[in-house]
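Notes for the structure review
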Amino acid sequence: MIRKVLIANRGEIAVRIIRTLHEMGIAAVAVYSEADRKSLHVRVADEAYCIGPAPARESYLDIERVLDAARKSGADAIHPGYGFLSEKSEFAEACERAGITFIGPPSRAMAAMGSKTAARAKMAAAGVPITPGGDASTVEEARATAERVGYPVLIKAAMGGGGKGMRLVHNADEMASAFERAQSEAARAFGDPTVYIEKAILRPRHVEIQVIGDRHGNMVHLFERDCSIQRRHQKVVEETPCPVATPELIRRMGEVAVKGALSVGYFSAGTFEFLLGEDGSFYFLEMNTRLQVEHPITEWITGTDLVSEMVRVAAGERLSWRQEDIVRRGASIECRIYAEDPIGFLPSPGKIEALRVPAGPWVRDDNGFYEGATVPSHYDPLISKVSVWGPDRKTAIQRMRRALSEYVVTGIKTNIVFHEKLLAHPAFVEGRYTTGFIEENKEALLGYSDVHEEDEATLAAAIAVAAARAEMKSRRTEGQALEDRGRLSPWVEQHRARVMR
């Protein structure tokens with residue numbers, strides 16, 4: 001069995017992985033940049049090694065620095081978490097060459113699914129339904145492909161995700177400028193300007209299937225997650241079950257995902273992402289060859305620990321269960337808590353002055369920070385992921401509302417208000433939403449909390465009291481400073497006493 005694991009990541013996912021490793025009796029090694037020296041994942045690990053300055057390309061994205069830390073620590077395995085090096089096949093290859101177990105899929109499978117254009121071709125060959133599309137190496141080719149599949153279309157980066165290098169194009173006149181912007185953004189984000197064209201499915205839902213397999217050819221799926229609540233093509237809320245999907249539809253999507261994973265010799269955890277049309281048709285988007293940010297809600301409904309299973313698979317063990325053993329129980333929702341202004345989703349890095357996280361029955365908070373910690377400006381501003389479980393969707397929504405009402409963060413701005421408004425929106429409560437939901441309802445969702453008329457007097461009084469206390473504290477502080485400035489230091493007084501004797 002693996003005895004010591006280095007986590008090639010930071011923040012909440014590093015903390016989450018460390019906790020499972022400790023439960024398994026495995027030592028955990030953290031790596032950190034100079035900006036993360038005082039981070040929570042450094043504090044909870046058994047050992048920690050600095051791997052460079054704040055910029056990710058000089059620390060968390062530097063393969064040799066990560067491997068050097070693994071050698072120094074004596075780690076016999078590396079878990080990449082998500083983001084950074086987690087989907088870099090060259091990192092998995094480097095671990096294999098160094099004799100270090102990579103807790104993830106084989107490098108050949110990562111390479112096969114790493115390019116979206118290549119992945120689409122492989123999945124089509126395996127019988128997985130894909131959205132109509134094609135190549136776009138030049139503006140002319142992009143226009144030709146768009147004319148063939150029909151507008152509107154999406155220009156998408158071939159080597160990345162998260163909405164970077166993606167542009168929606170409604171007609172041929174928009175193509176040139178959109179193509180140039182998409183290529184430029186893809187080159188900056190992923191080091192590769194390659195883009196391709198995909199038919200835009202109007203008003204879709206974004207539904208993904210979690211799969212996991214072992215080195216012995218066993219592969220299962222653990223149902224779906226609906227990730228349609230997105231801002232700038234990035235997920236902010238996920239839930240399972242999908243409110244509009246039938247068990248039969250999820251069974252078919254699961255079978256397709258398992259078939260696709262087996263076709264490229266995949267093992268470990270991975271996720272197949274699909275667009276789900278209003279008519280029940282679904283199309284392959286991409287495969288994420290890593291642990292997903294939103295994996296806690298799958299763990300809630302299936303009672304599994306995906307990180308633990310990944311470690312066991314990496315050690316050569318067989319899966320703990322077969323497909324027929326996996327049973328869905330209840331419903332789960334996850335809200336991503338970001339350090340960002342609820343108006344416009346702009347990052348809000350800084351020091352967390354006060355922090356109180358939600359707790360209680362069936363509430364989980366995957367947090368990467370603590371009171372007094374600083375959220376750096378160099379990385380994704382995710383603070384934590386709050387997830388809840390309930391016997392049904394209605395209970396899960398009520399529980400999440402309660403959890404959000406307990407969440408207190410001061411010193412920085414967060415998107416907690418956004419989540420509170422979303423969970424109260426009638427259309428979300430009824431499960432009526434698509435990937436365009438935030439944009440379509442931004443007036444109702446973006447901004448600060450509304451104050452009920454009957455609460456205005458109470459709030460005004462509370463603000464007045466708080467302001468008065470702050471002013472009194474300021475005056476005391478200023479008075480003390482003046483008093484201190486008028487007082488001689490002990491060393492000066494002692495010197496004068498000797499000289500004037």
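The rules behind these values
Here, residues in each chain are numbered from 1, in the same order as that chain's written sequence. Reporting of local features is limited, given that this is a predicted model, to residues whose pLDDT is at least 70; pairs of side-chain atoms are given and counted only at 80 or more, and all residues count toward the totals for whole chains, interfaces and linings. The basis for the side-chain values is all heavy atoms of the structure; hydrogens and waters are excluded. Think of it this way: any DSSP run of H or I at least four residues long counts as a helix, any run of E at least two long counts as a strand, and we number them from the N terminus. Relative accessible area decides the class of each residue, using a 1.4 Å probe on protein chains only: under 20% of the type maximum gives buried, over 50% gives exposed, and in between gives partly exposed. Residues are treated as being in contact if the distance between any of their heavy atoms lies within 4.5 Å. Shrake-Rupley sampling with a 1.4 Å probe provides the accessible areas, and residues are treated as covered by the protein chains on show and by no other component. Criterion for a salt bridge: a side-chain nitrogen of Lys or Arg within 4 Å of a carboxyl oxygen of Asp or Glu. Working definition of a nonpolar core: buried Ala, Val, Leu, Ile, Met, Phe, Trp, Tyr and Cys residues. They are joined through side-chain atoms within 4.5 Å. Two rings belonging to Phe, Tyr or Trp (six-membered ring only in the last case) form a pair when the distance between their centres is within 6.5 Å. Interplanar angles under 30 degrees mark stacking, angles over 60 mark edge-to-face geometry, and anything in between is tilted. DSSP calls a pair of strands paired once it identifies at least 2 bridges connecting them. Helix axes are fitted only over the stretch in contact, all axes being lines through C-alpha atoms; the angle between N-to-C directions runs from 0 to 180 degrees. Left-handed describes a crossing whose near helix is turned anticlockwise from the far helix by less than a right angle; the clockwise case is right-handed. Only Asp, Glu, Lys and Arg are considered charged, only Ala, Val, Leu, Ile, Met, Phe, Trp, Tyr, Cys and Pro nonpolar, and every remaining residue, Gly among them, polar. Looking down the strands as they point away from the viewer, one classifies a crossover as right-handed if the path from the first strand across the helix to the second runs clockwise. Orientation is classified from the angle alone, with under 35 degrees giving roughly parallel, over 145 giving roughly antiparallel, 65 to 115 giving roughly perpendicular, and any other angle giving oblique.

A tally of helices and strands in the chain yields 18 helices and 21 strands. A buried classification covers 53% of the 501 residues belonging to the chain. Nonlocal contacts in the chain, meaning residues at least 24 apart in sequence, comprise 66% of its contacts between residues at least 6 apart. As displayed, the chain offers around 22,500 Å² of accessible surface, 52% of which is attributable to carbon and sulfur atoms.

As enumerated under the stated definition, the model contains 35 salt bridges in all. Salt bridges linked by common partners bring Glu208, Arg225, Lys235, Glu238, Glu273, Glu294 and Arg336 together as one network.

A word on the nonpolar core. Within the largest apolar cluster, 102 residues are counted, with the highest numbers of intra-cluster contacts made by Val211, Ile229, Phe272, Phe274, Phe284, Leu422 and Phe428. For this core, the leading source of residues is helix α9 (residues 247-263), giving 7 residues. Not counting chain neighbours up to four residues away, the residues in contact with isoleucine 229 comprise Gln234, Lys235, Val236, Val237, Phe418, Leu422, Phe428, Tyr433, Phe437 and Ile438. Counting residues in hydrophobic clusters, the runner-up holds 25 residues, among them Val42, Ala54, Leu67 and Ala69.

To continue, consider the packing of aromatic side chains. For the coordinates displayed, the defined rule picks out 13 aromatic pairs. Relative to tyrosine 379, the ring of tyrosine 60 lies with its centre 5.6 Å away and its plane at 80 degrees, an arrangement referred to as edge-to-face. Of this pair, tyrosine 60 sits in the loop between β3 (47-50) and α3 (63-73) while tyrosine 379 is found in the loop between β19 (374-375) and β20 (382-390), placing the two residues 319 residues apart along the sequence. We note that tyrosine 60, like tyrosine 379, is buried. Summarising the aromatic geometry, the rings of tyrosine 433 and phenylalanine 437 are spaced 6.2 Å apart at their centres and angled 70 degrees between planes, so their arrangement reads as edge-to-face. With relative accessibility at 3%, the residue phenylalanine 437 sits in the buried group. Grouped by ring-pair contacts, the aromatic residues Phe272, Phe274, Phe282 and Phe284 constitute a single cluster.

Let us now look at the sheet that holds strand β6 (residues 133-135). Here 4 strands make up an open sheet; going across it, the order is β6-β9-β7-β8 and the pairing antiparallel. Edge strands, defined here as strands with exactly one partner in the open sheet, are β6 and β8 (167-169). Direction aside, neighbouring strands of the sheet carry axes that sit 25 degrees apart on average. Of the strand pairs in this sheet, β6 and strand β9 (residues 195-199) are connected by 3 bridges, and their pairing is antiparallel.

This next bit is on the pairing of strand β14 (residues 282-288). Burial runs high along β14: 6 of the 7 residues are buried. Strand direction decides the pairing type here: strand β13 (residues 268-276) and β14, joined by 6 bridges, are antiparallel. Residue pairing for β14: leucine 275 is matched across the bridge by tyrosine 283. In this structure, the hairpin formed by β13 and β14 is closed by a connection of 5 residues, where glycine 280 is found at a positive phi of approximately 90 degrees.

A few words now on the packing of α3 against helix α4 (residues 89-97). Between α3 and α4, the least distance of the axes is 11 Å, while the angle of their chain directions is 35 degrees. Where α3 crosses over α4, the handedness of that crossing is right-handed. Packed against α3, whose contacting residues are Ile63, Val66 and Leu67, the element α4 presents Glu90, Phe91, Ala94 and Cys95 at the interface. Here the contact of α3 with α4 is composed, by residue class, of 6 nonpolar, no polar and 1 charged.

Let us look at the pairing of strand β2 (residues 27-32). Across the 6 residues that make up β2, a large majority, 5, are buried. Strand direction decides the pairing type here: strand β1 (residues 4-7) and β2, joined by 4 bridges, are parallel. Bridging from a neighbouring strand, lysine 4 pairs with alanine 27 of β2. Note on the crossover from β1 through helix α1 (residues 11-23) to β2: the handedness is right-handed. Relative to β3, β2 runs parallel, the two sharing 4 bridges. Residue pairing in the sheet places tyrosine 32 in a bridge with cysteine 50 of β3.

A few words on the packing of α4 against helix α5 (residues 107-114). A packed helix pair is summarised by two numbers, namely the angle formed by the two axes and the spacing between the axes. Between α4 and α5, the least distance of the axes is 8 Å, while the angle of their chain directions is 170 degrees. What the angle tells us is that α4 and α5 run roughly antiparallel. From α4, Ser89, Ala92, Glu93 and Glu96 reach across to α5, where they touch Ser107, Met110 and Ala111. When the residues that make up the contact of α4 with α5 are grouped by side-chain class, the tally is 3 nonpolar, 2 polar and 2 charged.

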